[in-house]
Structures are given as structure tokens and as C-alpha cells.
Amino acid sequence: MKQMQSARPAETQSVGEVITLPPVQVRRRPPALGRYLNAGLQRLLPALLGLGLLVLLWQVAAMQSKGFPTPLSTLDSALTLFADPFYRDGPNDMGIGWNVLASLQRVAIGFGLAALAGIPLGFLIGRFTFFSRMFTPLIALLRPVSPLAWLPIGLLLFQKAEPASSWTIFICSIWPMVINTSEGVRRIPEDYLNVARVLQLSEWTILRRILFPAVLPAVLTGVRLSIGIAWLVIVAAEMLTGGLGIGFWIWNEWNNLNVENILIAIVIIGVVGLLLEQGLMLIARRLSWQEK
């Protein structure tokens with residue numbers, strides 16, 4: 001017994017080896033302002049490089065082509081143009097601001113009418129097989145038609161240039177909204193509709209409670225595509241119809257050989273189109289349940 005008792009302490013006693021770890025350097029997180037500046041530089045620097053490359057190619061093209069304006073001369077013309085963008089010297093001589101507003105008004109009319117007609121039509125096509133078989137062949141036939149091919153039809157129907165431009169916007173911007181809305185309705189899970197049938201919900205309740213919330217992302221995608229098409233078409237339509245508008249303003253500046261102003265108008269068209277698309281994308285992110 002004594003031997004066993006004396007053996008136990010010998011077994012329990014063990015010599016532990018102490019391992020010294022090297023000091024760990026903890027990286028301090030940069031302050032919030034530094035993180036924001038770093039993220040801003042990562043986004044801004046590539047964009048500035050792209051713009052610099054564009055200006056460089058522009059300068060090379062101006063040096064190689066006689067009569068093509070340089071970036072510096074275009075900047076001088078832009079400063080003069082934007083010094084008073086809303087001047088009025090008669091019905092045929094107005095500032096660039098009035099021309100942009102006139103084009104936006106035409107786009108708003110044609111695009112608004114297209115949304116009022118296209119989104120409900122897309123719901124009908126996606127929800128009911130009869131309407132799908134009725135309208136799908138017509139959409140497949142009319143959608144590939146060039147936008148400017150519709151302009152003479154509008155001039156013949158309305159006998160005026162102003163409704164004809166809005167008509168061209170309407171007929172060209174309606175298709176993305178119809179197609180995206182109908183496809184969104186078709187992709188709704190059948191379980192949702194089965195539950196609606198079990199609960200004996202009315203068609204209006206199904207549209208309001210099930211279809212519209214589920215299809216809203218697809219609808220907004222179609223709206224975003226349509227606004228780009230509408231802004232693209234209005235410039236070409238105004239070149240042919242004349243009157244007040246950014247398209248006619250470009251054509252008038254070409255007749256006066258003011259190439260600098262044409263380049264300025266191209267930049268304005270791109271900026272306005274970008275703002276319209278980004279605004280709709282912001283609305284889509286706010287309203288889409290998939291983002292939440």
C-alpha cells in the first residue's frame with residue numbers, strides 16, 4: 001500500500017514545458033474617414049483614368065482630322081453655352097436648357113402612356129393563356145420594327161409633329177414593359193396561386209396581394225429598359241420632325257457647322273440618360289423585396 005501511495009504522486013507530478021509565443025501585432029482598423037476616402041479613391045480613380053483616356057483619344061482625333069474640335073475648344077464653347085442655358089430670342093432661338101426640357105416632356109408623355117398600357121397588358125398576357133396566345137404573335141411581329149419607321153405613321157395619324165414624336169416614344173418603349181411584366185407573372189410559383197384558389201380570393205385580390213408584389217422587380221426592370229429606349233428614340237425623332245428639342249438642336253447646330261455644340265449635346269444626352277436610368281435603379285432597389 002505504501003508503495004502504491006508513493007507511486008501515485010510520482011505519476012501525477014509532471015514537468016510542464018513553457019512555450020513562449022512571439023508577440024502578435026494587432027492591426028488597428030483605420031479610422032472611418034480613412035476607409036471612406038480609400039473606398040472613394042478605388043471607385044473614382046478608374047473612372048478618372050477612363051475619362052482621361054477618352055480625352056486623349058479625342059485630342060488625337062482632333063489632330064488627325066481637319067475641322068474636328070479639340071477638347072479645349074469644346075470646353076470654351078460649353079462655358080459660353082451654359083452661361084445662359086435658358087435664354088429666349090424668339091420661338092426658334094432658345095437655350096439648350098429649354099431644348100432638353102422639351103425633349104424630356106415628350107419622353108414623359110410617350111413613356112407614361114406606354115407604362116399605362118404596357119404594364120396591365122403584361123399582367124393579362126402572363127396571367128391568362130387566352131391573352132397570351134392573342135398578343136404574343138403581334139408583339140413578336142411589331143417589336144423588331146425600327147423606331148423611325150413608326151414616325152411617318154404618327155405624322156399621318158395626327159397630322160402634327162408634336163403628337164407624332166410622343167407616338168414614336170410610346171410604340172417603341174412599350175415592348176420591354178409588356179415582355180418583362182408577362183415573364184415575371186409566369187415565373188410566380190404555382191404554390192402561391194394554389195393557396196389563392198384554396199382561399200377563394202378574387203382576381204383583384206390576387207393581383208393586389210400576390211401578383212404585383214412578386215412581379216414588381218420584373219416590372220421595374222422593364223421600366224428601366226424602356227426609359228433608355230425612349231430617350232434614345234426622341235433624339236432621332238426630333239431631328240426629323242423639327243421644333244424645340246435636343247434632337248432638332250443638334251441638327252440645327254450641324255447646319256450651322258457648330259461641331260463643338262454637337263459634342264456638348266452628345267455629352268448632355270449621355271448625362272441625362274444616365275441620370276434617368278440611375279434614378280429608376282434607385283427606385284427599384286427601394287421597392288424590391290429581394291433587396292431587403
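Everything numeric in this text was worked out from a predicted model, so none of it was measured. (Residues numbered from 1 in each chain as written. Predicted model: local features only at pLDDT ≥ 70, side-chain atom pairs only at ≥ 80, totals over all residues. Heavy atoms only, no water.)

**Thoughts on the packing of helix 4 (residues 96-127) against helix 10 (residues 246-255)**
- For the pair helix 4 and helix 10, the least separation of the axes is 7 Å and the interaxial angle reads 135 degrees. The angle between the axes of helix 4 and helix 10 places the two elements in the oblique class. On helix 10, the residues that touch Ile96, Asn99, Val100 and Ser103 of helix 4 are Ile246, Gly247 and Trp249.
- Across the contact of helix 4 with helix 10, the residue classes tally to four nonpolar, three polar and no charged. (Axes fitted to C-alpha atoms, helices over the stretch in contact; angles between N-to-C directions. Helix = DSSP H or I, 4+ residues; strand = E, 2+ residues; numbered from the N terminus. Parallel < 35°, antiparallel > 145°, perpendicular 65-115°, else oblique. Contact = heavy atoms within 4.5 Å. Nonpolar A, V, L, I, M, F, W, Y, C, P; charged D, E, K, R; others polar.)

**A word on the packing of helix 8 (residues 190-198) against helix 9 (residues 203-241)**
- Running from N to C, helix 8 and helix 9 point in directions that differ by 155 degrees, and their axes come no closer than 11 Å. Regarding the angle of helix 8 to helix 9, the classification is roughly antiparallel. In this structure, helix 8 crosses over helix 9, and the sense of that crossing is right-handed. The residues of helix 9 that touch helix 8, namely those facing Tyr192, Leu193 and Ala196, are Ile206, Ile210 and Leu211.
- Across the contact of helix 8 with helix 9, the residue classes tally to six nonpolar, no polar and no charged. (Left-handed = near helix turned anticlockwise from the far one by under 90°.)

**Thoughts on the environment of isoleucine 119**
- By secondary structure assignment, the location of isoleucine 119 is in helix 4.
- The spacing of isoleucine 119 and leucine 220 is 101 residues in sequence and 10.0 Å in space, taken between C-alpha atoms.
- Beyond its immediate sequence surroundings of up to four residues, isoleucine 119 is in contact with Ala114, Met177, Thr181, Val219 and Val223.

**Some remarks on the environment of isoleucine 262**
- Assignment of secondary structure puts isoleucine 262 in helix 11 (residues 259-287).
- Those residues in contact with isoleucine 262 that lie beyond four places of it in its chain are Ile250, Glu253 and Trp254.

**Describing the side chain of serine 165**
- Its place among the elements puts serine 165 in helix 7 (residues 161-186).
- On the basis of relative accessible area, serine 165 is assigned to the buried category, the value being 1%.
- Reaching out from serine 165, the side chain makes a polar contact with the side chain of threonine 241 at a distance of 3.5 Å.
- Residues in contact with serine 165, not counting those within four places in the same chain, are Arg106, Leu151, Ile234 and Thr241. (Buried < 20%, exposed > 50% of the residue type's maximum accessible area, 1.4 Å probe, protein only. Polar contact = N/O pair within 3.5 Å; in protein donor to acceptor, adjacent residues only side chain to side chain.)

**Examining helix 10**
- Among the residues making up helix 10, those that are buried are Ile246, Gly247, Trp249, Ile250 and Glu253. Projection of helix 10 onto a plane perpendicular to its axis shows the buried side chains occupying an angular sector of 165 degrees, all on one side.
- Once helix 10 finishes, leucine 257 follows within two positions and takes phi at roughly 60 degrees, a positive value. (Arc of directions from axis to C-beta.)

**Quick look at the UniProt feature "transmembrane region" (unreviewed entry) in the chain**
- In this numbering, the UniProt entry assigns the feature "transmembrane region" (unreviewed entry) to residues 44-61, 107-126, 229-250 and 262-284.
- Secondary structure content for residues 229-250 is 82% helix and 0% strand, while the C-alpha to C-alpha distance between its ends is 19 Å. (UniProt positions renumbered as here; feature names shortened; annotations may be inferred.)

**Structural notes on unusual backbone geometry**
- With phi around 60 degrees, glutamine 159 is a residue other than glycine that occupies positive phi space.
- With respect to the element layout, glutamine 159 can be found in the loop between helix 6 (151-158) and helix 7.
- A positive phi angle, near 60 degrees, is found at leucine 257, a position not held by glycine.
- Within the secondary structure layout, leucine 257 lies in the loop between helix 10 and helix 11.

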